[in-house]
Amino acid sequence: MATLTIVQAVNDALKSVMRDDPTVLVLGEDVGPKGGVFLATEGLTAEFGIERCFDTPLSEDGIIGTAIGMAMNGLKPVAEIQFQDFIFPAFDQIVSEAAKLRYRSGGQYTAPMVIRTPYGGGIRGGLYHSQSGEAYFCHTPGLKVVVPSTPHDAKGLLIASILDPDPVLFLEPKALYRSVKGEVPEDSYQVELSTLREVRAGDDVTVFCYGAMVPVAVKAADQAADKGIDCHLVDLRTLLPLDEEGVLEAARRTGRVVVVHEAPRFCGYGAEISALIAENVIEYMEAPIKRVTGFDTPFPNTLEHHYLPDERRVLDAIEQVHSY
Amino acid sequence: MVDAAALSVIGPDGDAGGHECGLSDDQLLHCYRAMLRTRVFDEICMKLQRSGRVGFSVPNLGIEGMQVGAASALEKTDWVFPSYRDFGMALYHGVTPLRMMHNMFGNGLDSAKGRQMSVHFSFEEPIHFFSISSPIGTHIPQAVGAARAFQARGEDHVCLASFGDGGTSSLGFHSGLNFAGVWKAPVVFLCQNNGWAISCPSSGQTASESFAIKAAAYGMPGVKVDGNDLLAVREVVGEAVGRARAGEGPTLVEAVTFRMGGHSSSDDPTRYVPAEELEAWGERDPIDRFEKYLAQRGLWSEGDEEHVREDALAEIDAAAKEAGAQAPPGLETIFSDVYETLPDHLRAQGEAVFDLSRRKGEAAAGGGEFPL
């Protein structure tokens, strides 16, 4: 076991899988000798050569378009999009091409690839270095969407994503890149996709969260515990395909649900969780489902700490559904 | 019209001036048949569309020489990334009309399992004829990526990415050519300048003096060729393929041709194509021209076209009848191939469809049941 940050765990996963499988390669802007703007790919070019970890021209459309071509022809590309905010020129390639290729070709052509990208706020990045765009992609059949929140999961989920036969969007919570440390096995291992992580067990209120909102929810749950409210905290970690049964079971357990994400509320991921629960287990609900989210505004810079859900807002929601 | 900068080989009278094309007599006749079969396939598809038997078609009239000339420069181990107007390349390389007709009807034997519109073919043998996407230009960077995979494995295969003049305005054209130039990727970019992107003339796509000249900006050669001259296209594409195979990088080929039909079965080109332009290009028909060339070589005489046409009509008509009689894909194909393994939520949605069919009997029977 080593104690790693999330960004180190990502790096460790890439090295681990590249050592095991010569068809895995890394491409993106500044991922080569520099090692990426967050150093997630540090040392890869030195160890594996410039043919397996290389810089591309500055074109997200080109990065994803060429990665799809590599993937359909026997390679396993891991493409980095420098910030998730910059992914939209590649939206067409991701949504209309990678995600639909297996389906539209009757399985003749597939795109087994991973798109890694740092997402979310908390680094004073303003409108274009802070967004959480998961909802756009979760609306896309054929894609898998994964969001780790711990170093252990970052490594295990990334390896599982690279080995997965379908295209995976791997959203890395950049606010946690260096702020969270944890024990990570040195050997290669996988964390199965489409499984939930129970962060803590509790019987009073169920809190669903993912990515950078997990530590926020943990703090809120700690404070709730001081007030005698026992939270059941669930890290969704794969948003698509979701472990729906697991979500329903966790919702039934307490009958009181809070969903937390930093993306805007309207048509956000929390709406899907809420609808899923309402459609299937509404008779178990003791209180209205509460969402704690970013606002339906662009992402602000100076006041980002007011935009991002914090433990005050999460705790407030927990208390409201608990006392309903 | 084709300008002087575009290479031609076959003159209006069929004289190729001793040009050595590297094809045997049999291969030349194969090219001829492939062009005519493409034309006949096209005619039958348009009739099927007009009679309401298939939903959509894309006329190929006038560009058969460009397609077959380019295809003849490829080996079966090369990959074609086609536009939606390239099925002559598939026919040339041995995809049967029957397999193509399964796609036209979207039936249960269609390689795309009825999920795509007609003429959106996908084949992986006898040549990789990559699954066609309707959005324009998306396949161009994909061809570059597939070519890079060949490079990575040290294989000398080549990708041919084909698109129209409108495609040169797409994001994918820029990123694809730019990446290919930087990587020296083994790709041939074939721009079919057929005069019109639906109703927008080429002059509305670019202020460049040509499409071929755009190659200079990406650090690769750009060559303009008479697209209605099968041998000229073969010559130019063949040279580009040779460069790519030898590790010398990509080439942009502009094949100047003309779309004699509409953009699609839904289009009425008489609303925007000047009649005199159509007439002028009608004089330059690629099949007529190739017939004259074959005649000069003693490989063609009056009546041959009728024979080839009759054979093609019989074969393709039979294919249409057979494909039209097939059952549609099973209901389960709505849900399969979204992912390699069927996720629980799709299984639940599929089972709900079957359950409703059992209870209400409303959905058409398509056969097939889970597990997939």
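The model shown is predicted, which means the values in this text are computed figures rather than measured ones. (Residues numbered from 1 in each chain as written. Chains lettered and ligands numbered in written order. Predicted model: local features only at pLDDT ≥ 70, side-chain atom pairs only at ≥ 80, totals over all residues.)

Draft legend 1. Region of interest: the overall build of chain B. Along chain B, the regular secondary structure elements total eleven helices and eight strands. Computed over its C-alpha atoms, the radius of gyration of chain B comes to 21 Å, within 12% of the 21 Å expected for a compact globule of 372 residues. With the principal axes as the frame, chain B shows a C-alpha extent of 70 × 50 × 40 Å. Buried positions account for 53% of the 372 residues belonging to chain B. Contacts in chain B between residues at least 24 apart in sequence constitute 75% of all its contacts with a sequence separation of at least 6. (Helix = DSSP H or I, 4+ residues; strand = E, 2+ residues; numbered from the N terminus. Rg over C-alpha atoms; globule rule 2.2 N^0.38 Å. Buried ≥ 20, exposed ≤ 12 C-beta atoms within 10 Å, placed from the backbone. Contact = placed C-beta atoms within 7 Å.)

Draft legend 2. Region of the structure containing the overall build of chain A. Counting secondary structure elements, chain A contains twelve helices and 14 strands. In terms of overall size, chain A behaves like a compact globule, its C-alpha atoms giving a radius of gyration of 19 Å where 324 residues would be expected to give roughly 20 Å. For chain A, the spread of C-alpha atoms along the three principal axes comes to 60 × 40 × 40 Å. The long-range fraction of contacts in chain A, counting pairs at least 24 apart against all pairs at least 6 apart in sequence, stands at 81%.

Draft legend 3. Structural view of the environment of Val 40 of chain B. Residue and element names in this part refer to chain B. Structurally, the position occupied by Val 40 is in helix H1 (residues 25–50). Take Val 40: there are 22 C-beta atoms within 10 Å of it, and that puts it in the buried class. Sequence separation between Val 40 and Gln 142 is 102 residues, and the spatial gap between their C-alpha atoms is 31 Å. Residue contacts for Val 40: discarding those within four places in its chain leaves Arg 309, Ala 312, Leu 313 and Ile 316.

Draft legend 4. Here's a closer look at the nonpolar core. Grouped together as the largest cluster of nonpolar side chains are 200 residues, with contacts concentrated most on Val 207, Ala 217 and Ile 318 of chain A. For this core, the element with the highest residue contribution is H1 of chain B, accounting for eleven residues. In this view, Ile 318 of chain A contacts Val 205, Val 207, Ala 220, Ala 224, Ile 229, Cys 231 and Val 258 of chain A; residues no more than four positions away in its chain are not counted. (Core = buried A, V, L, I, M, F, W, Y, C linked by C-beta atoms within 7 Å.)

Draft legend 5. Region of interest: the environment of Ile 318 of chain A. Relative to the elements of secondary structure, Ile 318 of chain A occurs in helix H12 (residues 311–323). Taking C-alpha positions, Ile 318 of chain A is 9.7 Å from Val 292 of chain A, a pair spaced 26 residues apart along the chain.

Draft legend 6. Representation of the domain arrangement of chain B in the model. With domains assigned, chain B is organised as domain 1 (25–324) and domain 2 (330–372). For domain 1 of chain B versus domain 2 of chain B, the separation of C-alpha centres amounts to 36 Å. (Domains from an automatic or database assignment.)

Draft legend 7. Seen up close, the sheet that holds strand E14 (residues 290–294) of chain A. All names here are of chain A. With respect to topology, five strands assemble into an open sheet ordered E9-E11-E10-E13-E14, the strand pairing being mixed. Two strands bound the open sheet, and with one partner strand each, they are strand E9 (197–200) and E14. Strand after strand, the sheet turns through a mean of 25 degrees between neighbouring axes, direction not considered. Bridge count between strand E10 (residues 205–209) and strand E11 (residues 231–235): five bridges; the pairing is parallel. Bridging across to E11, Thr 206 finds its partner in His 232. Against the sheet, helix H10 (residues 269–281) contacts E10, strand E13 (257–264) and E14, and its axis sits at roughly 155 degrees relative to E13. (Pairing = 2+ DSSP bridges. Axes fitted to C-alpha atoms, helices over the stretch in contact; angles between N-to-C directions.)

Draft legend 8. Inspection of helix H3 (residues 60–72) of chain A at higher detail. When the terminal C-alpha atoms of H3 of chain A are compared, their 18 Å separation across 13 residues agrees well with the 18 Å that a helix rising 1.5 Å per residue should span. Most of H3 of chain A is tucked away: 13 of the 13 residues are buried. (Expected span 1.5 Å × (residues − 1).)

Draft legend 9. Structural detail: the interface of chain A and chain B. Taken together, the contact pairs 38 residues of chain A with 35 residues of chain B. Those elements that place two or more of their residues in the side of chain A that touches chain B are H3, helix H4 (91–98), helix H5 (101–104) and helix H9 (244–254) of chain A.

Draft legend 10. Examining unusual backbone geometry more closely. With an omega dihedral of -10 degrees, the bond running from Leu 240 of chain A to Pro 241 of chain A counts as a cis peptide bond. Although it is not a glycine, Arg 237 of chain A adopts a positive phi angle of roughly 50 degrees. Here Arg 237 of chain A falls in the buried class, since 26 other C-beta atoms lie within 10 Å of it. The phi dihedral of Val 119 of chain B falls on the positive side, at around 60 degrees, and the residue is not glycine. Among the structural elements, Val 119 of chain B can be located in the loop between helix H4 (97–105) and strand E2 (128–129).

Draft legend 11. The arrangement of the domain arrangement of chain A in detail. All names here are of chain A. The domains assigned to chain A are domain 1 (2–184) and domain 2 (197–323). For domain 1 versus domain 2, the separation of C-alpha centres amounts to 26 Å. Listed by partner, the interface residues are 26 residues for domain 1 and 24 residues for domain 2. Per-class residue counts for the side of domain 1 that touches domain 2 are 14 nonpolar, eight polar and four charged. (Nonpolar A, V, L, I, M, F, W, Y, C, P; charged D, E, K, R; others polar.)

Draft legend 12. Focus on the environment of Lys 100 of chain A. Residue and element names in this part refer to chain A. For Lys 100, the location among the structural elements is in the loop between H4 and H5. Among the residues examined, Lys 100 registers 23 C-beta atoms within 10 Å and is labelled buried. In sequence terms Lys 100 and Pro 141 are 41 residues apart; their C-alpha atoms lie 7.6 Å from each other.

Draft legend 13. Spatial organisation of the sheet that holds strand E5 (residues 114–119) of chain A. Residue and element names in this part refer to chain A. Pairing in this open sheet of seven strands is mixed, and the strands run E3-E2-E4-E5-E7-E6-E12 from one edge to the other. At either end of the open sheet lies a strand with only one pairing partner, and these are strand E3 (53–55) and strand E12 (238–240). Pairs of neighbouring strands in the sheet enclose a mean axial angle of 20 degrees, with direction left out of account. The sheet contact formed by strand E2 (residues 24–28) and strand E4 (residues 76–80) spans five bridges and is parallel. By the bridge assignment, Gly 28 is partnered in E4 with Glu 80.

Draft legend 14. Representation of the packing of helix H8 (residues 213–226) of chain A against H12 of chain A within the structure. Residues and elements named next belong to chain A. Running from N to C, H8 and H12 cross one another at 55 degrees; their axes reach a closest spacing of 8 Å. It follows that H8 is oblique to H12 by the angle criterion. H8 and H12 meet at a crossing whose hand is right-handed. On H12, the residues that touch Val 216, Ala 217, Lys 219, Ala 220, Gln 223 and Ala 224 of H8 are Glu 311, Val 314, Leu 315 and Ile 318. (Parallel < 35°, antiparallel > 145°, perpendicular 65-115°, else oblique. Left-handed = near helix turned anticlockwise from the far one by under 90°.)

Draft legend 15. The packing of helix H2 (residues 64–71) of chain B against helix H7 (residues 230–245) of chain B, seen in detail. All names here are of chain B. Their axes nearest at 7 Å, the elements H2 and H7 cross at an angle of 40 degrees. It follows that H2 is oblique to H7 by the angle criterion. Two packed elements cross with a definite hand, and for H2 against H7 that hand is right-handed. When H2 is examined against H7, the residues Gly 65, Met 66, Val 68, Gly 69 and Ala 70 are found in contact with a partner set consisting of Leu 230, Leu 231, Val 233, Arg 234 and Val 237. Classifying every residue of the contact of H2 with H7 by side-chain character gives seven nonpolar, two polar and one charged.

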